[in-house]
Amino acid sequence: MKVEPTVLLADMNSFYASVEMAHNPTLRGQPVLVCGDPERRHGIILAASREAKRRGVKTAMTVGEARAICPDAVCVRPRMSLYLEVSWQIQQIARTLSPLVEPYSVDELFIDVRGAEHIWGDAVEAAGIFRQRVWEAVKVPCSVGVGPNKFLSKMACDVEAKKSPSGVALWRVDDVEAKLHPLPIGKMFMVGSRMERHFRNMGLLTIGDLAHYPVDYLMRRFGLRGAVYHNLAWGRDGSPVRPDSLEQTKSVGHSVTLPRDYHHSDDIELVLLELTDEVCRRARKLGKAGRTVSVGLRAYDLTRGFYRQTTLPSPSNLSGPVFEKAQLLFRRHWDGRPVRTVTVDLSGLEEDGTLQQELFRDMDRQDRVSRTMDRIRDAMGTTAIVRASSLLPAGQARDRAVKIGGHYR
Ligand SMILES: [Mg+2]
């Protein structure tokens, strides 16, 4: 049976640097570096613009190393809340193509357009439309891999789309032997540095080597994971694009697109209250309570609006305290423009049952920081949090980390 390629993996190019350039036109065309602490030589480069990369600067270099290669680079401080805001906006654009959207990291997301291909022509055309909409709305370029599953779309993006002038690449199962198998094993999605070492020690240097290694041996050594790797090496991946996977565990959120523009604050606050009730109900159903309340408002064209958050004094799943914060955010940030889409999120979720115990436990700050980071790592994978934590002053790490969590639904 032939599986149609309907899965897109979109990856924003030099995301933080691109957002900075979108917000500051004087930076365009320059080698721009987003650095943790530009004054400190050991600060880490979080993102480099295309111009800076062309000169040899790489992400995760220190500021000192980058300045040595590219002395005229413009260093800017990271603005995480802005990047998360844009990330959220990009997710909303993805949802105009299909409801099956799964954020993978702050600048990558999977979109499954199955069932909606005919609307967009096919998946490759949908990829083009997505790129165009993202560019028009937030002025951030992206690369899109297209495949019959998440694995092949990610590989198509990393290996081909990022280098292609069109920014889009399609890999089918038929392409596996020609395109996937010659690649070094370390380039394989889902293979981390530890697995790479295991495979290399077994003499498996390319993905093709892994594909042709007897699956029984792989399973004897790695259990069921061995079978998964074998299948991936043949381009077979059964994991679905799960729109709710993060929402269920880390946050509950609810959005509504109104039938018409709302102009009056009373009307909008009523919608906020309804959404808050719904969100709190869902949190209670899950046996969770949340610490962070977020509110998003959008105009009809999705390009204007805001997404802001604030923290509750203690985790809650009750409409009273949550709405109080939602209302506060709304009154503080709404500029009076007509509103079409309203979102309320409750994140930083914790088990409701453990709350009381924690009230009496004198956890020191560092403990809370690491626990928060663990939760975010679980939700988003390790890279996003490594980037953030490696540069933020310790005093802000927890707040920032919570913010990152709050934007993933
Ligand atoms: Mg990227």
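Residues numbered from 1 in each chain as written. Predicted model: local features only at pLDDT ≥ 70, side-chain atom pairs only at ≥ 80, totals over all residues. Heavy atoms only, no water.

Naming follows an unreviewed UniProt entry, where the protein chain appears as DNA polymerase IV of Heliobacterium modesticaldum. The UniProt entry for the protein chain carries the following text under Sequence similarities (unreviewed entry): "Belongs to the DNA polymerase type-Y family." Per UniProt, the protein chain has the following entry under Catalytic activity (unreviewed entry): "DNA(n) + a 2'-deoxyribonucleoside 5'-triphosphate = DNA(n+1) + diphosphate". (UniProt positions renumbered as here; feature names shortened; annotations may be inferred.)

Asker: Honestly, the overall build of the protein chain in this entry has me stumped. Any pointers?
Answerer: Counting its secondary structure elements, the protein chain contains 19 helices and 13 strands. Working note: accessible area of the protein chain is about 19,300 Å², and carbon and sulfur atoms make up 51% of it. (Helix = DSSP H or I, 4+ residues; strand = E, 2+ residues; numbered from the N terminus. Areas by Shrake-Rupley, 256 points an atom, 1.4 Å probe, with all protein chains shown as cover.)

Asker: It is not clear to me how the packing of helix H9 (residues 193-201) against helix H11 (residues 215-222) should be interpreted in this structure. Could you clarify?
Answerer: Pairs of packed helices are described in terms of their axes, by the angle between the two and the distance that separates them. It is at 13 Å that the axes of H9 and H11 come closest, and there the two elements cross at 130°. On the basis of the axis angle, H9 is oblique to H11. The way H9 lies across H11 gives a crossing that is right-handed. Residues Met195, His198 and Phe199 of H9 form the contact with H11, whose participating residues are Leu218, Arg221 and Phe222. Residue classes in the contact of H9 with H11 are distributed as four nonpolar, one polar and one charged. (Axes fitted to C-alpha atoms, helices over the stretch in contact; angles between N-to-C directions. Parallel < 35°, antiparallel > 145°, perpendicular 65-115°, else oblique. Left-handed = near helix turned anticlockwise from the far one by under 90°. Contact = heavy atoms within 4.5 Å. Nonpolar A, V, L, I, M, F, W, Y, C, P; charged D, E, K, R; others polar.)

Asker: What is the right way to read the coordination of the magnesium ion from this model?
Answerer: Six octahedral donors around a metal ideally subtend angles of 90 or 180 degrees, whereas four tetrahedral donors ideally subtend 109.5 degrees. The protein atoms that coordinate the magnesium ion are Asp11 (OD), Met12 (O) and Asp107 (OD), at distances of 2.1 to 2.3 Å. In primary sequence terms, the donor set of the magnesium ion follows D-M-x94-D. Residue Asp11 is found in strand S1 (residues 7-12), and its partner Asp107 is found in the loop between strand S5 (100-105) and strand S6 (108-112); the two are separated by 96 residues along the sequence. The pair Asp11 / Asp107 is uniform in exposure class, with both members buried. (Donors = N, O, S within 2.8 Å, 3.2 Å for Na, K, Ca; no water. Buried < 20%, exposed > 50% of the residue type's maximum accessible area, 1.4 Å probe, protein only.)

Asker: Would you take a moment to explain the UniProt feature "site: Substrate discrimination" (unreviewed entry) in the protein chain for this structure?
Answerer: According to UniProt, the positions carrying the feature "site: Substrate discrimination" (unreviewed entry) are Tyr16. Using a relative accessible area of 2% as the deciding quantity, one classes Tyr16 as buried.

Asker: Hey, could you run me through helix H1 (residues 15-23) in this one?
Answerer: Because the α-helix completes a turn every 3.6 residues, residues three or four places apart line up on one side. In terms of burial, H1 is a largely internal element, seven of the nine residues being buried. Among the residues of H1, those classed as buried are Phe15, Tyr16, Ala17, Ser18, Val19, Glu20 and Met21.

Asker: Is there a simple way to explain the sheet that holds strand S7 (residues 142-147) in this structure?
Answerer: Backbone hydrogen bonds hold the strands of a sheet together, and the pairing may be parallel or antiparallel. The mixed open sheet is built from five strands, whose spatial order is S5-S6-S1-S7-S8. Strand pairing shows two members of the sheet lacking a second neighbour, S5 and strand S8 (168-170), which therefore form its edges. Neighbour-to-neighbour, the strand axes of this sheet turn through a mean angle of 20°, independent of strand direction. In this sheet, S7 lies alongside S1 in antiparallel orientation, the contact comprising six bridges. When the sheet's bridge partners are listed, Val7 is paired in S7 with Gly147. Relative to the sheet, helix H7 (residues 150-160) contacts S1, S5, S6, S7 and S8, its axis offset from that of S7 by approximately 140°. (Pairing = 2+ DSSP bridges.)

Asker: It is not clear to me how the nonpolar core should be interpreted in this structure. Could you clarify?
Answerer: The tendency in soluble globular proteins is for nonpolar side chains to be buried side by side. Residues Met12, Phe15, Tyr16, Ile90, Ile111 and Phe130 are the most contacted members of the largest nonpolar core, which totals 41 residues. At the level of secondary structure, the elements contributing two or more residues to this core comprise S1, H1, strand S2 (32-35), strand S3 (45-48), helix H4 (80-95), S6, helix H6 (123-138) and S7. Examining the composition of this core, we find that eight residues originate from one element, H4, more than from any other. Counting residues in each nonpolar core, the second largest holds 32 residues, with Leu9, Phe151, Val159 and Ala211 among its members. (Core = buried A, V, L, I, M, F, W, Y, C linked by side-chain atoms within 4.5 Å.)

Asker: Before we go on, may I ask you to explain the confidence of the model for the protein chain in this structure?
Answerer: Detailed conclusions should not be drawn from predicted coordinates in areas where pLDDT is low. In the predicted model, the protein chain carries a mean pLDDT of 82, and the fraction of residues at 70 or more is 82%. For the stretch residues 354-367, pLDDT sits under 50, and the model shows ten contacts to residues farther than four places along the chain or on other chains. When the criterion is pLDDT under 50, residues 381-409 qualifies, and its contacts beyond four places in sequence or with other chains add up to 69 contacts. (pLDDT = per-residue confidence, 0-100.)

Asker: Could you clarify how one ought to interpret the environment of Gly208 in this entry?
Answerer: By the element assignment, Gly208 lies in helix H10 (residues 207-212). Look at Gly208 and you get buried, because its relative accessible area is 7%. Expressed as a C-alpha distance, the spacing of Gly208 and Pro182, which sit 26 residues apart in the sequence, is 6.1 Å.

Asker: Just to check I follow, could you spell out the pattern of salt bridges for this structure?
Answerer: When their charged atoms lie close together, side chains carrying opposite charge are able to pair. Tallying each qualifying case throughout the model produces 16 salt bridges. The shortest N-O distance in the salt bridge between Glu85 and Arg298 comes to 2.8 Å. Taken together, the positions of Glu85 in helix H4 and Arg298 in strand S10 (residues 288-298) put the pair 213 residues apart, joining distant regions of the chain. In this structure Glu85 comes out as buried when scored by relative accessible area, which is 10%. Note that Lys162 and Asp158 form a salt bridge whose closest N and O atoms lie 3.2 Å from each other. (Salt bridge = Lys/Arg side-chain N within 4 Å of Asp/Glu carboxyl O.)

Asker: Would you take a moment to explain the environment of Glu160 for this structure?
Answerer: Within the secondary structure layout, Glu160 lies in helix H7. Taking relative accessible area as the criterion, Glu160 reaches 28% and is therefore assigned partly exposed. In contact with Glu160, other than residues within four places in its own chain, are Met155, Ala169, Trp171 and Lys179.

Asker: Please explain the pairing of S1 as it appears in this structure.
Answerer: The side chains of a regular strand alternate between the sheet's two faces. By the criterion of burial, S1 is predominantly enclosed, with six of the six residues buried. Taking every second residue as pointing to the same face, both faces of S1 are buried, with Val7, Leu9 and Asp11 on one and Leu8, Ala10 and Met12 on the other. Note that S1 and S6 share five bridges and pair antiparallel. Pairing of Leu8 across the sheet is with Ile111, part of S6.

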